[in-house]
Amino acid sequence: MIVLGRISAPFGVHGWIRVRPFGGDAGDWERMPCWWLSADADAPAECWQSHRLLDCKPQGTVLVASLAGVADRTAAEALGGLYVGAPRSALPDTAENEYYWADLIGLAVVNQAGESLGHVASLIATGAHDVLCVRDDEGRERLLPCVAAVVAEVDVAGRLVRVAWERDW
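About the criteria used
Residues numbered from 1 in each chain as written. Predicted model: local features only at pLDDT ≥ 70, side-chain atom pairs only at ≥ 80, totals over all residues. Heavy atoms only, no water. Helix = DSSP H or I, 4+ residues; strand = E, 2+ residues; numbered from the N terminus. Contact = heavy atoms within 4.5 Å. Salt bridge = Lys/Arg side-chain N within 4 Å of Asp/Glu carboxyl O. Buried < 20%, exposed > 50% of the residue type's maximum accessible area, 1.4 Å probe, protein only. Phe/Tyr/Trp six-rings, centres within 6.5 Å; stacked < 30°, edge-to-face > 60°.

J.: Is there a simple way to explain the environment of Asp-103 in this structure?
T.: Considering the arrangement of structural elements, one finds Asp-103 in helix H3 (residues 101–104). On a C-alpha basis, the gap between Asp-103 and Pro-10 in space is 30 Å, while along the polypeptide they are 93 residues apart. Those residues within four positions of Asp-103 in sequence are excluded, and the remaining contacts are Arg-88, Val-156 and Arg-159.

Take a look at the structure:
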């Protein structure tokens, strides 16, 4: 299951929810007929519950959505904190130089001199751009802007991210 975002709060009194996406184009969310919800982002696929999407639209930096069976604010409140995900097969293909965060987690990160900086441990959405959280073998964490000036190459098949970033930064 690919984790796409997290439900933060109800939206209004008619069962709508507010969702904080973890990146990507909000328009892609509208094209998925079902969303899968779980309290545990790492739960196996069979533990996620599918919910038919009735409506979804951007609202500033978040999404608001209506799911089948969630008819009022009380029902929406019960979903607060749940993760929203989808199986890989339900997601649209990415364009060139676009990646799902889940595809980047665990990739080795090396600089242009070939020095290992660690592995992508997680990503952070900052509003301006995403940030790669890179952790080395000693547990040191580096936060690298996920922008073209820093990320020179992403090779998902080769499990490698090449960056313009010095080891001692």
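That was the structure; now back to the text.
J.: Can you help me understand the pattern of salt bridges in this one?
T.: Any two side chains of opposite charge can pair, on the condition that their charged atoms come close. A full pass over the atoms with the stated rule returns five salt bridges. A salt bridge links Glu-141 to Arg-135, with the shortest nitrogen-to-oxygen separation between them at 2.8 Å. On the basis of relative accessibility, which here comes to 39%, the residue Arg-135 falls in the partly exposed class. Its salt-bridge partner being Glu-153, residue Arg-162 comes within 3.4 Å of it at the nearest N-O pair. Relative accessible area serves as the criterion here: at 26%, Arg-162 is assigned to the partly exposed category. The exposure class assigned to Glu-153 is partly exposed, which follows from its relative accessible area of 37%.

J.: Explain the packing of aromatic side chains to me, please; I cannot follow it from the model alone.
T.: Each aromatic ring pair is summarised here by two numbers: the centre-to-centre distance and the angle between the ring planes. With the rule as written, the count across this model stands at three aromatic pairs. Aromatic side chains Phe-22 and Trp-101 sit 6.1 Å apart centroid to centroid with 5 degrees between the ring planes, which places their arrangement in the stacked category. Linking Phe-22 in the loop between strand E2 (16–21) and helix H1 (26–30) with Trp-101 in helix H3, this pair joins segments that are 79 residues apart in sequence. In this pair, the class of Phe-22 matches that of Trp-101, namely buried. A centroid spacing of 5.1 Å and a plane angle of 80 degrees characterise the contact between Trp-29 and Trp-35, whose relative ring orientation is edge-to-face. No difference in accessibility class separates Trp-29 from Trp-35, as the two residues are buried.

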